[in-house]
Amino acid sequence: GCAAGGGSSGGSWLVIGVALVSILGGRRRVSALVAAGLAAGLAAPHDARGGGFDAVTFRPTPAGSAFFSQDGPAVLYRGGLRLGLGFDLASDLLVVRDPDTGEILMDGEVVASRAMLHLGAAFGLPGGIEVAADLPLALAQDGDLALVRPDDELATTQLGDLRIHGKRRLGGHLALAATIGVPTGSADAFTGDGQFSFTPRLIAGFEVGRLALAASAGYRMRSAASTTNLTVDDEVVGGLAGSVRVAGRVWLLAEVYVA
């Protein structure tokens, strides 16, 4: 990275430190420290650095959640452990479009498809706190990196960014959560941001009989990164999910998420 990218990493470390303290602290202290973290992230330099970023917009929930894209307010009991294994396919992750029509150009897929494996674990701590981690792995991806970097080829198999989660139940139907993104992936292969990120979120949810609902809203803080005319920066994130128990251990789910 360039000097601007290096300068922003100090801000990221500050936000990460605030996040860890806020999750482990008391409820009243949580709000103040998360607000301080948001202010620090917004004040950090946002000069775009080159290289790349994670082309995937789908970030699954920690291991064992009732939904795929949204987490609920429930936390594991003290000493409880969950392990998870997930798999997903994505297409047209990063494409070149005609500036007049908006259509994808013929053979214009920079990252055309990707098969992802997700390994996750979650653990319950005292005080209504849950910690979790998940590591994505691109098992196979296809595309033409020469469209944006003529001298490079797209790596077929590559680690993604490790995500460390913390969640504290606030009582009732609410929980406060935060995710730290660790740059274990490759920005050049578009499987990682190449930098630390921090995403605080507010989670709400409830269950009534066979019906369960969950919603979240948050803010993802990271330094800006650019590839040709596309710049990826901070994001407002959120989503909504619902499920109906059909029979036994079978559920029908519907989810939507935005960034």
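Preceding this paragraph is the structure being described.
Every chain begins its residue count from 1, and numbering advances along the sequence as written. With pLDDT at 70 or above as the cut-off, local features in this predicted model cover only qualifying residues; side-chain atom pairs require 80 or more to be listed or tallied, and sums for whole chains, interfaces and linings still use all residues. As a rule here, side-chain values cover all heavy atoms of the structure and leave hydrogens and water aside.

Chemist: Just to check I follow, could you spell out the pairing of strand 6 (residues 174-182) for this structure?
Modeler: A regular strand carries its side chains on alternate faces of the sheet. Burial classes: relative accessible area under 20% of the type maximum marks a residue as buried, over 50% as exposed, and values in between as partly exposed (1.4 Å probe, protein chains only). For helices the rule is a DSSP run of H or I covering at least 4 residues; for strands it is a run of E covering at least 2, with both sets numbered from the N terminus onward. Most of strand 6 sits inside the fold, with eight of its nine residues counted as buried. When strand 5 (residues 162-171) meets strand 6, the two strands line up antiparallel, connected through nine bridges. Pairing of H165 across the sheet is with T179, part of strand 6. The loop that links strand 5 with its antiparallel partner strand 6 comprises two residues; one of these, G172, has a positive phi angle of about 65°. Paired strands are those between which DSSP finds at least two bridges. Bridging between strand 6 and strand 7 (residues 197-208) involves eight bridges; their strand directions are antiparallel. Across the sheet, A178 pairs through a bridge with P200, a residue of strand 7.

Chemist: When you look at unusual backbone geometry in this model, what are you seeing that I'm missing?
Modeler: The general pattern is negative phi for most residues beyond glycine and trans for most peptide bonds. Phi is positive for F190, which is not a glycine, with a value near 60°. Structurally, F190 can be placed in the loop between strand 6 and strand 7. Judged by its relative accessible area of 0%, F190 is buried. Its identity as a non-glycine residue notwithstanding, T228 has a phi of 50°, on the positive side. Examined against the element boundaries, T228 turns out to sit in the loop between strand 9 (225-227) and strand 10 (230-232). For T228, a relative accessible area of 61% puts it in the exposed group.

Chemist: Can you help me understand the pairing of strand 11 (residues 235-247) in this one?
Modeler: Across 10 bridges, strand 8 (residues 211-220) lies against strand 11 in antiparallel orientation. If you follow A212 over to strand 11, its bridge partner there is S243. With nine bridges connecting them, strand 11 and strand 12 (residues 250-258) associate as antiparallel partners. Bridge pairing links R245 to W251 in strand 12. What sits between strand 11 and strand 12 in their antiparallel hairpin is a turn of two residues, with G248 showing a positive phi close to 55°.

Chemist: Please clarify how the pattern of salt bridges should be interpreted in this entry.
Modeler: Any two side chains of opposite charge can pair, on the condition that their charged atoms come close. A side-chain nitrogen of Lys or Arg and a carboxyl oxygen of Asp or Glu constitute a salt bridge if their distance falls within 4 Å. Tallied over the full model, the rule gives nine salt bridges. Among the salt bridges present, the one from R163 reaches D134, with a minimum N-O distance of 3.1 Å. Linking R163 in strand 5 with D134 in strand 3 (residues 129-142), this pair joins segments that are 29 residues apart in sequence. Taken individually, R163 and D134 each receive the classification buried, so the pair is uniform in this respect. Here E235 ties to R222 by a salt bridge, and the two come within 3.1 Å at their closest N and O atoms. Of this pair, E235 sits in strand 11 while R222 sits in the loop between strand 8 and strand 9, and the two are 13 residues apart along the sequence.

Chemist: Would you mind showing me how to read the nonpolar core here?
Modeler: In summary, soluble globular proteins display a tendency toward joint burial of nonpolar side chains. Nonpolar cores are built from buried Ala, Val, Leu, Ile, Met, Phe, Trp, Tyr and Cys residues. Side-chain atoms within 4.5 Å join them into one set. Counting 14 residues, the largest nonpolar core has F53, L94, V110, V111, L145 and F190 as the members making the most contacts within it. Of all the secondary-structure elements, those providing two or more residues to this core are strand 1 (81-97) and strand 2 (104-125). Among all residues touching F53, those that are not within four sequence positions of it are L94, A187, F190, T191, G192, D193, A225, S226, T227, L230 and V232. In terms of nonpolar packing, the next biggest core, distinct from the first, is built from six residues, A178, V182, F198 and M221 among them. Should any heavy atoms of two residues lie within 4.5 Å, those residues are considered in contact.

Chemist: Looking at this model, I keep getting lost on a nonpolar patch on the surface. Mind explaining?
Modeler: A grouping of F206, V208, L211, L213, V244, V246, V250 and L252 is seen on the molecular surface, where their side chains present a nonpolar patch of about 680 Å² in accessible area. Counting only elements with at least two residues in the nonpolar patch, the list comes to strand 7, strand 8, strand 11 and strand 12. As for its placement among the helices and strands, F206 is situated in strand 7. The class for F206 is partly exposed, based on a relative accessible area of 37%. Residues forming no salt bridge and having over 30% relative accessible area are the ones grouped into patches, like charges within 9 Å of each other and nonpolar side chains (Val, Leu, Ile, Met, Phe, Trp, Tyr) within 5 Å. To measure how exposed things are, a 1.4 Å probe is used in the Shrake-Rupley method; for residues, cover is taken only from the protein chains shown.

Chemist: What's the story with the packing of aromatic side chains in this structure? I'm lost.
Modeler: Describing an aromatic ring pair means giving the distance of the ring centres and the angle of the ring planes. Ring pairs are drawn from Phe, Tyr and Trp, using the six-membered ring of Trp, whenever the two centres fall within 6.5 Å, and their geometry is named by plane angle: stacked under 30 degrees, edge-to-face over 60, tilted for the rest. Under the defined criterion, the tally for this structure stands at two aromatic pairs. Measuring from ring centre to ring centre gives 5.5 Å for F53 and F190, while their planes differ by 70°; the resulting arrangement is edge-to-face. Remark: F190 occurs in the loop between strand 6 and strand 7 and F53 occurs in the loop between helix 2 (27-43) and strand 1; sequence separation between them is 137 residues. Relative to Y257, the ring of F58 lies with its centre 5.9 Å away and its plane at 45°, an arrangement referred to as tilted. On the criterion of sequence distance, the pair formed by F58 in the loop between helix 2 and strand 1 and Y257 in strand 12 is long-range, its members being 199 residues apart. Relative accessible area serves as the criterion here: at 37%, Y257 is assigned to the partly exposed category.

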